[in-house]
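Chain by chain, the residues:
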Amino acid sequence: MTRMSEHDEDGETGVVVKKKVKKPSKYKVLLHNDDYTTMEFVIYILKGVFAKTTEEATAVMLKVHHDGHGVCGIYTHEVAETKMKKVSMEAKKNGHPLLCTIEPE
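Residues numbered from 1 in each chain as written. Predicted model: local features only at pLDDT ≥ 70, side-chain atom pairs only at ≥ 80, totals over all residues. Heavy atoms only, no water.

Draft legend 1. Main features of unusual backbone geometry. The phi dihedral of Ala51 is positive, around 55°, even though this residue is not glycine. By the element assignment, Ala51 lies in the loop between helix H1 (39-50) and helix H2 (54-67). Take Ala51: its relative accessible area is 64%, and that puts it in the exposed class. (Helix = DSSP H or I, 4+ residues; strand = E, 2+ residues; numbered from the N terminus. Buried < 20%, exposed > 50% of the residue type's maximum accessible area, 1.4 Å probe, protein only.)

Draft legend 2. Expanded view of the sheet that holds strand S4 (residues 69-76). Spatial ordering of the open sheet is given by S4-S3-S5, a layout of 3 strands whose pairing is antiparallel. Looking at which strands have only one partner, the edges of the open sheet turn out to be S4 and strand S5 (99-104). Each strand of the sheet is rotated relative to its neighbour by a mean of 25°, with strand direction disregarded. Alignment of strand S3 (residues 26-32) against S5, held across 6 bridges, turns out to be antiparallel. Residue pairing across strands places Leu30 opposite Thr101, the latter belonging to S5. (Pairing = 2+ DSSP bridges. Axes fitted to C-alpha atoms, helices over the stretch in contact; angles between N-to-C directions.)

Draft legend 3. Structural context of helix H3 (residues 77-93). The terminal C-alpha atoms of H3, which comprises 17 residues, lie 24 Å apart, in line with the 24 Å expected from a rise of 1.5 Å per residue. Buried within H3 we find Ala80, Lys83, Met84, Val87, Glu90 and Ala91. When H3 is viewed along its axis, its buried side chains cluster within an angular range of 135° and face the same direction. The exposed residues of H3 that point more than 90 degrees off its buried face are Glu78, Met89, Lys92 and Lys93. Among the structural elements, S3, H1, S4 and S5 are those in contact with the buried residues of H3. (Expected span 1.5 Å × (residues − 1). Arc of directions from axis to C-beta. Contact = heavy atoms within 4.5 Å.)

See below:
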């Protein structure tokens with residue numbers, strides 16, 4: 001909660017207005033399995049874009065491989081969208097059809 005106060009000409013506090021600050025919505029960033037993107041490239045993406053350790057990246061990569069998709073992280077909409085675009089650009093640059101999407105948590 002933020003407090004805002006109004007001051008009169010003498011610098012005295014008059015009215016205190018309380019304002020509730022709404023937490024931003026969170027979004028999951030997902031990677032989707034395909035038959036062409038290598039497991040090594042997925043790990044490279046997870047480590048580079050999502051700052052995963054090798055162990056964390058391997059676990060997410062295996063989830064993508066076995067379940068068809070995996071969650072890379074949960075972020076505010078702007079951050080999730082930026083990461084999704086970064087993955088798509090990196091995949092395209094390296095000749096991989098890796099699909100990255102976002103969805104509300």
